[in-house]
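Structure assessment
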Amino acid sequence: MAYSHKHRRLAFAYRLHPAIEIFRLDGSVFTNVEVAKPTFDPATLDEADFEDMNPLHFVDITTTDDYIYALYWGHIYRQHQAQVAKSTIYKIDWDGNIIALYQVNSALKSIAAYNDNILIGWTGNNFIKIPAGRDAIYRVRIEKG
């Protein structure tokens, strides 16, 4: 979940459903952004590994004053662990319009917005700088310690 002080709205990205809901501060739904057909099988809720039985959709969310950036997988967790899956970042305005999609050739675990021109992704091992609006993706080595 993320908040915009400027727009006075909350954005909630669903992990098991391909949707982001934008809420007013009174808790009412402003809009719902669906990016794919639902895939969740409620029969899997009794299973401990239900995340491996259902595709995971939005796994992280970050914002700037004007946009929501949501990290989308669309695959099961096992594919992500094997590093065979790619990631997509959705850029959505606070009215629920999809502005852009950024295809990332890495299996990202999380994202952060530096500003509307630069996003940072985390692979679990490396940070990746994602220039918004371009196809170029740069790996950034972060020294620990």
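Residues numbered from 1 in each chain as written. Predicted model: local features only at pLDDT ≥ 70, side-chain atom pairs only at ≥ 80, totals over all residues. Heavy atoms only, no water.

A full pass over the atoms with the stated rule returns 2 salt bridges. For Lys 6, the salt bridge is made with Asp 66, and the minimal N-O distance between the two is 2.6 Å. Note that Lys 6 is positioned in the loop between strand E1 (2-4) and strand E2 (9-13) and Asp 66 in the loop between strand E5 (56-63) and strand E6 (67-75), a separation of 60 residues in sequence. Overall, Lys 6 belongs to the exposed group, its relative accessible area being 53%. In this structure, Asp 95 engages Arg 9 in a salt bridge whose closest nitrogen and oxygen atoms are separated by 3.0 Å. Here Asp 95 is found in the loop between strand E7 (87-93) and strand E8 (98-104), whereas its partner Arg 9 is found in strand E2, with 86 residues between them in sequence. (Salt bridge = Lys/Arg side-chain N within 4 Å of Asp/Glu carboxyl O. Helix = DSSP H or I, 4+ residues; strand = E, 2+ residues; numbered from the N terminus. Buried < 20%, exposed > 50% of the residue type's maximum accessible area, 1.4 Å probe, protein only.)

As a further point, take the nonpolar core. If you look at the biggest cluster of nonpolar residues, it comprises 17 residues, and the most contacted ones within it are Tyr 69, Leu 71, Ile 89, Leu 108, Leu 119 and Ile 130. Of all the elements in the fold, those that place two or more residues in this core are E5, E6, E8, strand E9 (110-113) and strand E11 (127-131). If you look at the next biggest cluster of nonpolar residues, it comprises 15 residues, including Ile 20, Val 33, Ile 68 and Ala 70. (Core = buried A, V, L, I, M, F, W, Y, C linked by side-chain atoms within 4.5 Å.)

What follows deals with the sheet that holds strand E3 (residues 19-24). Strand order in this open sheet of 4 strands is E1-E2-E3-E4, and the pairing throughout is antiparallel. Each edge of the open sheet is held by one strand with a lone partner, namely E1 and strand E4 (29-34). Sheet twist, expressed as the average angle between the axes of neighbouring strands with direction ignored, equals 20°. Of the pairings in the sheet, the one linking E1 to E2 comprises 3 bridges and is antiparallel in character. Counterpart to Tyr 3 in the pairing with E2 is Leu 10. (Pairing = 2+ DSSP bridges. Axes fitted to C-alpha atoms, helices over the stretch in contact; angles between N-to-C directions.)

Here we take up the sheet that holds E6. Spatial strand order, E5-E6-E7-E8: 4 strands in an open sheet with antiparallel pairing. In the strand order of this sheet, the two ends are held by E5 and E8, each with one partner. Each strand of the sheet is rotated relative to its neighbour by a mean of 20°, with strand direction disregarded. Taken together, the 6 bridges between E6 and E7 define a ladder with antiparallel strand orientation. Bridge pairing in E7 links Tyr 67 to Asp 93.

How two aromatic rings sit relative to each other is set out by the distance from centre to centre and by the angle between their planes. Counted according to the given criterion, the structure contains 6 aromatic pairs. Between Phe 58 and Tyr 90, the ring centres sit 5.7 Å apart and the planes meet at 70°, which makes this aromatic pair edge-to-face. One end of the pair, Phe 58, is in strand E5; the other, Tyr 90, is in strand E7, with 32 residues separating them in the sequence. Judged by its relative accessible area of 10%, Tyr 90 falls in the buried class. (Phe/Tyr/Trp six-rings, centres within 6.5 Å; stacked < 30°, edge-to-face > 60°.)

Topologically, Leu 108 is positioned in the loop between E8 and E9. Taking C-alpha positions, Leu 108 is 9.5 Å from Asp 60, a pair spaced 48 residues apart along the chain.

All right, on to the pairing of E5 then. Looking along a regular strand, one sees the side chains alternate between the two faces of the sheet. With respect to burial, E5 is a largely interior element, 6 of its 8 residues being buried. Pairing of E5 with E6, which is carried by 6 bridges, proceeds in the antiparallel orientation. In the sheet register, Thr 62 faces E6, and the bridge partner there is Tyr 69. Here E5 hands over to E6 after 3 residues, the two strands then running antiparallel side by side.

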